[in-house]
Amino acid sequence: MPISRIAVGSPAEASQPDAIKAAVAEFISMLIFVFAGEGSGMAFAKLTGGGGSTPAGLISASIAHAFALFVAVSVGANISGGHVNPAVTFGAEAETSAFALSSGVTAWNAVIFEIVMTFGLVYTVYATAVDPKKGDIGIIAPIAIGFIVGANILAGGAFTGASMNPAVSFGPAVVSWTWDSHWVYWLGPFVGAGIAALVYEILFINQSGHEQLPTTDY
């Protein structure tokens, strides 16, 4: 929705059917996304003896995230997403890996990277799924959003893990109890998303019409 119309809401809304449905939708969407993304890395590492950090592993992660986000947008990462992977897929043999910075990448380098990647993601969400003037282009929103996530992982996965969403990095961090530079995965996405929302609203959304914008999971 436009920045000028963001509202915090009230506690009473938590018991409203629409609010509960929205919360369940967020939960399921993020569960799908985190399960596929984290699971692809765990599966690749198991099959290759720790080869998840190779170029092939990066490509497999980008494809898995792209397809998972396509499904999630078409249909909250909470901690459950991180727990389901080791419990269902590999049992005690596999470990859930938290997002971490690569060697030689400073925290502030990572923040800038996350800002840029999140900006691209949120801008794409606005352009294809949120903008009331999008017309028929809204049909390809799940594909476009999945593609930008996959492309961002190819560009930034080797440096920061390409989180682009605090919910995606929080679950694995809790499960693995790894908090090194975790603040990067909150600050970067918050700033990048905020800039994208402001830029799109100021430059492309007609404020005179005051059209109600739909909400979208991503």
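What you are looking at is a predicted structure, and each value in this text was computed from that prediction instead of being measured.

Draft legend 1. The overall build of the protein chain, seen in detail. Along the backbone of the protein chain there are 7 helices and 0 strands. Secondary structure elements in the protein chain, listed N-terminal to C-terminal, are α-α-α-α-α-α-α. Residues counted as buried form 40% of the 218 residues belonging to the protein chain. Total accessible area computed for the protein chain in this model is approximately 11,200 Å², and 69% of it derives from carbon and sulfur atoms.

Draft legend 2. Quick peek at the side chain of Ser163. One can find Ser163 in the loop between helix 5 (141-156) and helix 6 (166-176). Residue Ser163 is classed as buried on the basis of its relative accessible area, which comes to 3%. A distance of 2.9 Å separates the side chain of Ser163 from the backbone oxygen of Asn165, its partner in a polar contact. Residue contacts for Ser163: discarding those within four places in its chain leaves Phe99, Glu114, Val168, Ser169 and Tyr185.

Draft legend 3. View of unusual backbone geometry. The backbone of Trp177 shows a phi angle near 50°, a positive value even though the residue is not glycine. Structurally, the position occupied by Trp177 is in the loop between helix 6 and helix 7 (184-204). Among the residues examined, Trp177 registers a relative accessible area of 63% and is labelled exposed.

Draft legend 4. Layout of the UniProt feature "transmembrane region" (unreviewed entry) in the protein chain. Those residues carrying the UniProt feature "transmembrane region" (unreviewed entry) are residues 27-45, 57-79, 99-126, 138-163 and 183-203 in this numbering. Counted over residues 99-126, helix gives 71% and strand 0%. Its end C-alpha atoms are 26 Å apart.

Draft legend 5. Quick look at the nonpolar core. Counting 18 residues, the largest nonpolar core has Leu121, Tyr126, Ile145 and Met164 as the members making the most contacts within it. For this core, the secondary structure elements donating two or more residues are helix 4 (107-130), helix 5 and helix 7. With 7 residues, the single largest contributor to this core is helix 4.

Draft legend 6. The arrangement of the confidence of the model for the protein chain in detail. The predicted model of the protein chain averages 74 in pLDDT, with 63% of residues at 70 or higher. Counting interchain partners and residues more than four positions distant, the pLDDT-below-50 stretch residues 76-92 has 43 contacts.

Draft legend 7. Up close: the packing of helix 6 against helix 7. Put simply, helix 6 and helix 7 touch, their axes get as near as 9 Å, and they point 170° apart. Between helix 6 and helix 7, the interaxial angle falls into the category roughly antiparallel. Residues Pro166, Ser169 and Phe170 of helix 6 form the contact with helix 7, whose participating residues are Tyr185, Trp186, Pro189 and Phe190.

Calculation rules
Residues numbered from 1 in each chain as written. Predicted model: local features only at pLDDT ≥ 70, side-chain atom pairs only at ≥ 80, totals over all residues. Heavy atoms only, no water. Helix = DSSP H or I, 4+ residues; strand = E, 2+ residues; numbered from the N terminus. Buried < 20%, exposed > 50% of the residue type's maximum accessible area, 1.4 Å probe, protein only. Areas by Shrake-Rupley, 256 points an atom, 1.4 Å probe, with all protein chains shown as cover. Polar contact = N/O pair within 3.5 Å; in protein donor to acceptor, adjacent residues only side chain to side chain. Contact = heavy atoms within 4.5 Å. UniProt positions renumbered as here; feature names shortened; annotations may be inferred. Core = buried A, V, L, I, M, F, W, Y, C linked by side-chain atoms within 4.5 Å. pLDDT = per-residue confidence, 0-100. Axes fitted to C-alpha atoms, helices over the stretch in contact; angles between N-to-C directions. Parallel < 35°, antiparallel > 145°, perpendicular 65-115°, else oblique.

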